Amino acid sequence: MHIPSAIILGLLGQATSSYVWPSKYDHLEDLLAMHSGYLRFGFSDLVVPCGFGSGLPGVQNAAEWVRSVFHDIATFDASTGVGGLDASLQFELDRPENVGSAFNNTFAAMYDFITPQSSVSDLLALSLVAALAACDGPKVPLRAGRVDATEAGPAGVPKPEDDLESTRKAFLRAGFNDEDMITMVACGHSLGNVHSVNFPELVSGEATEENVAPFDSSPTNFDNTVVTEYLDDSTSNPLIVGANDTMKSDKRVFGADGNATMSALADPANFQAKCADIFERMLDTVPSTVTLSDPIEIVDVKPYIDPLHLQEDGSVLLQGRVRVRNNPEQKINGDDLEVSLSYRDLSGASISEPVVANRARARGGQSFGFWDNTFTWFEFSQSLNATASIRDFDIHLKTSSSGALLVLDNEGTGGYAVTSDLLYQQPESCLINNGAAMALSVTAALRKDLVDANSPPVLHLAHRVARPGVMLPRLQLETIAFELIPGVEKSGYQYFRANATVEASGWSTTFDIEAGAGTGGKVHRLELLKTNALSDTCGSIS
Ligand code: HEM
Ligand SMILES: *[C@@H]1O[C@H](CO)[C@@H](O)[C@H](O)[C@H]1NC(C)=O
Ligand SMILES: *[C@@H]1O[C@H](CO)[C@@H](O)[C@H](O)[C@H]1NC(C)=O
Ligand SMILES: *[C@@H]1O[C@H](CO)[C@@H](O)[C@H](O)[C@H]1NC(C)=O
Ligand SMILES: *[C@@H]1O[C@H](CO)[C@@H](O)[C@H](O)[C@H]1NC(C)=O
Ligand SMILES: *[C@@H]1O[C@H](CO)[C@@H](O)[C@H](O)[C@H]1NC(C)=O
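About the criteria used
The numbers attached to residues start from 1 for each chain and follow its sequence in the written order. Note on labels: chains are lettered from A, ligands numbered from 1, in written order. Note on the predicted model: pLDDT of at least 70 is required for a residue's local features to be given, and 80 or more for side-chain atom pairs to be given and counted; whole-chain, interface and lining totals, by contrast, use all residues. Just so you know, side-chain values use all the structure's heavy atoms and leave hydrogens and water out. UniProt positions are given in the numbering used here, feature names are shortened, and annotations may be inferred rather than shown by experiment. We call a residue near a molecule or strand whenever a single non-hydrogen atom of that residue lies within 4 Å of it. Counted as a polar contact is a pair of N or O atoms within 3.5 Å, where, for protein atoms, one must be capable of donating a hydrogen and the other of accepting one, and residues adjacent in sequence contribute only when both atoms are in side chains. Using only the protein atoms, space was sampled on a 1 Å grid; points where a 1.4 Å probe fits but cannot get out form cavities, open sets with protein on both sides within 12 Å along at least five of seven lines form pockets, and lining residues are those with an atom within 4 Å of a point. In this description, a molecule resides in a pocket or cavity if more than half of its atoms sit within 2 Å of the grid points defining it. The helix count covers DSSP runs of H or I at least four residues long, the strand count covers runs of E at least two residues long, and both are numbered beginning at the N terminus. When residues are grouped by polarity, Ala, Val, Leu, Ile, Met, Phe, Trp, Tyr, Cys and Pro land in nonpolar, Asp, Glu, Lys and Arg in charged, and all others, Gly among them, in polar. Note that water is not among the atoms used; donors are N, O and S atoms within 2.8 Å of the metal (3.2 Å for Na, K and Ca), so sites may look incomplete. Boundaries of every domain are those given by an automatic assignment or by a domain database. Contact criterion: two residues are considered in contact whenever any of their non-hydrogen atoms come within 4.5 Å of each other. Buried area, as used here, totals the accessible surface that two parts lose on assembly, with accessibility defined by a 1.4 Å probe and the loss added over both. For this analysis, a salt bridge means a side-chain nitrogen from Lys or Arg found within 4 Å of a carboxyl oxygen belonging to Asp or Glu. Cysteine sulfur atoms are paired as a disulfide whenever they fall within 2.5 Å. Note on exposure labels: buried denotes an accessible area under 20% of the residue type's maximum, exposed denotes more than 50%, and partly exposed covers the range between, all computed with a 1.4 Å probe on protein chains only.

Per an unreviewed UniProt entry, the recorded name for the chain is Peroxidase, and the organism is Neoarthrinium moseri. Annotation of the chain in UniProt includes, under Sequence similarities (unreviewed entry), the sentence "Belongs to the peroxidase family."

Set out below in structure tokens:
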């Protein structure tokens, strides 16, 4: 059965912002979309639940992540466009304005997720969106494309002892007026605590990790009690009722316009809306040299293709998954769905036999995310004739109970394209521990007619270079030319190898394989391949 794609696209197109696969922000979307279940990406689950439970006494990850974003953007200079959300905070932790372990904790949580496609500053933005989602806060649009600073920027985060005038000036310099300032502080201080170890003068009792004082009676829920308790004088916010008048910054800030802004924020719906707006503006406070993407939306149907590789018998293995968001509005229910791929071979001919994707079994084949999203996973694995191979595919979703069929062609782009001219021979690649360093050996195969002696495929390896005094490593790209492995040829492909050394401290990283860049022809690129998926024995090419 074939349904014209125009009709089909109309069905799903209303709910999505016409996502075209692949996107360079797929990795960030994964981190945002799923925090538990089958294929959990492990980033957002650090803030689920919103409260304590990070394993460190007195630490509420969600609150720390929100505060970290503020301390990174607070030094922005709107008149020059310098600073903003650029992760320069990593280099600024010896300053009195950045006291406490919260910032290093925040950066440490990002260690595993930094890639050439997810900068630390994009991960910071993601962390705020995730923290709010976990704490029942508003949904804040996440744009991507931030570029990390490589050194400290100017100082200037407001401190509790600063007078109102200098605090105002600091916010103004960063592009925020009085109302913005009041809103931003009220929204931020909806979550979290003052820590006695950092501000002993603000928290009564002994200075211990556990001894913390919340800003309001619901520090693990993103709500406006911080506002209402201020207005009805029932607050125990240390920055309002603390023993030392000099340190009462929330009192000065909240009253800066005669309580006009705070009174408006006493309406819960208005509070959520104003907070969503001010947080979005904070995330979009970036250096003037940065161009942000459109907001990343959670994708309804997303394929994940493992790079093809040649098998011993000369066929190529097509393997991967389809993630389907359960969407009652569109009547998409993963428990009532049959998924398959119809594909075209390299000559463009449609193949009548579809590739069936079966419901994944591990963890019920489901992932769970924020905003009540659930996803169902379908897995496929099929050997294909390497010559005919695959050019692209459509995804068929068939509702079992009704028989209704939805055919997705990647938003009218002609299908989901598969890279089949360049192969990543993962079984013949390896990562061997040599003690101080690791030896990486990557094997690739390229279709013979694309082999150009002057322009071999290249490996782009993201080294994770540790930096003294800084929590996160710097990514340094090394480009290595592949060498032809002479005398080996299979199914019309020739084999190549590239060897590299990876620092033991940063061995878990990513690399890309690229072919065709110098040839004037089509460029093929396999991205974000993971060293941690490699075994320590290189299979032999047979
Ligand atoms: C005048 C401006 C501000 C001052 C003087 C200020 C001051 C403080 C202080 C003293 C703490 C306690 C830190 C600790 O003990 O570890 C704190 C915590 C916090 N601040 Fe602010 N803040 C300001 C604005 C903001 C803004 C604009 C946000 C976010 C939008 C924010 C978010 C937070 C959060 C979430 C915490 C709790 C952190 C935790 O529980 O670990 N603050 N702030
Ligand atoms: C603002 O509200 C606080 C808390 O109720 C109160 O102490 C203060 O007097 C109010 N300021 C004005 C100008 O009404
Ligand atoms: C109040 O805090 C300020 C700023 O930290 C400090 O200089 C002052 O000595 C404190 N006052 C008292 C009475 O502790
Ligand atoms: C693979 O496909 C090619 C091109 O369509 C065809 O010539 C060849 O016979 C096929 N090989 C096998 C083993 O089916
Ligand atoms: C690359 O590494 C592999 C695996 O360690 C090794 O067998 C091969 O000899 C190396 N090739 C070169 C050119 O160093
Ligand atoms: C943050 O972590 C780095 C790297 O481990 C360390 O050198 C630095 O002292 C830490 N800073 C703070 C304030 O904890």
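Asker: How would you summarise the site of ligand 1 if you had to cite specific residues and measurements?
Answerer: Neighbouring ligand 1 are 25 residues; H189, G192, N193, H195 and N198 lie closest to it. Contacts to ligand 1 include N193, whose backbone N or O atom sits 2.8 Å from an oxygen atom. Residue N198 places a side-chain N or O atom 2.8 Å away from an oxygen atom belonging to ligand 1. Judged by the fraction of its atoms near the pocket grid, ligand 1 is located in the second largest pocket. Looking at the shell around ligand 1, the elements that each hand over two or more residues are helix 3 (61-73), helix 6 (164-173), helix 7 (178-188), strand 2 (193-195) and helix 12 (268-283). In terms of residue class, the shell around ligand 1 is built from 14 nonpolar, eight polar and three charged.

Asker: Please provide a residue-by-residue account of the site of ligand 2, values included.
Answerer: Lining the immediate environment of ligand 2, one finds Y230, L231, D233, G258 and N259. A distance of 3.1 Å separates an oxygen atom of ligand 2 from a polar backbone atom of L231. Between ligand 2 and N259 there is a distance of 2.3 Å, counted from an oxygen atom to a side-chain nitrogen or oxygen. Taken together, the residues that form the shell around ligand 2 break down as two nonpolar, two polar and one charged.

Asker: Would you mind going over the coordination of the iron atom of ligand 1 in detail, with residue names and values included?
Answerer: Among protein atoms, the single one acting as a donor to the iron atom of ligand 1 is H189 (NE2), 2.1 Å away. Along the polypeptide, H189 turns up in the loop between helix 7 and strand 2.

Asker: If you had to explain the domain arrangement of the chain to someone new, which residues and values would you point to?
Answerer: The domain boundaries assigned to the chain delineate domain 1 (26-283), domain 2 (301-417) and domain 3 (422-533). If you average the C-alpha positions of domain 1 and of domain 3, the two centres end up 39 Å apart. Between domain 1 and domain 3, the residue contacts involve 14 residues of the former and 14 residues of the latter. When domain 1 packs against domain 3, the two sides together hide about 1300 Å² of surface, and 65% of this comes from carbon and sulfur. It is Y111, I114 and P116 that lose the most area in domain 1 upon contact with domain 3, and together they represent 41% of the buried surface on that side. Linking domain 1 with domain 3 are zero salt bridges.

Asker: Lay out the state of the cysteines with the relevant residues and their values.
Answerer: Covalently bonding the sulfur atom of one cysteine to the sulfur atom of another cysteine gives a disulfide. Going through the model one piece at a time under the given rule, you end up with three disulfides. Look at the chain and number its bonded cysteines as they come in the sequence; the links are 1-2, 3-4, 5-6.

Asker: So what about helix 2 (residues 26-33)? Which residues, and what values?
Answerer: In terms of burial, helix 2 is a largely internal element, eight of the eight residues being buried. For helix 2, the set of buried residues is D26, H27, L28, E29, D30, L31, L32 and A33. Buried positions along helix 2 lie against helix 5 (120-134), strand 4 (301-310), strand 5 (316-325), strand 8 (366-368), strand 9 (374-384) and strand 21 (524-530).

Asker: Which residues make up the pattern of salt bridges, and what values do they have?
Answerer: Applying the stated rule across the entire model yields 26 salt bridges. Residue E29 is joined to K302 by a salt bridge in which the shortest nitrogen-to-oxygen separation is 2.6 Å. Separated by 273 residues along the polypeptide, E29 in helix 2 and K302 in strand 4 bring together distant segments of the chain. Overall, E29 belongs to the buried group, its relative accessible area being 2%. K302 sits in the buried class, given a relative accessible area of 1%. Across the pair D30 and K302 runs a salt bridge, and its minimum N-O distance is 3.0 Å.

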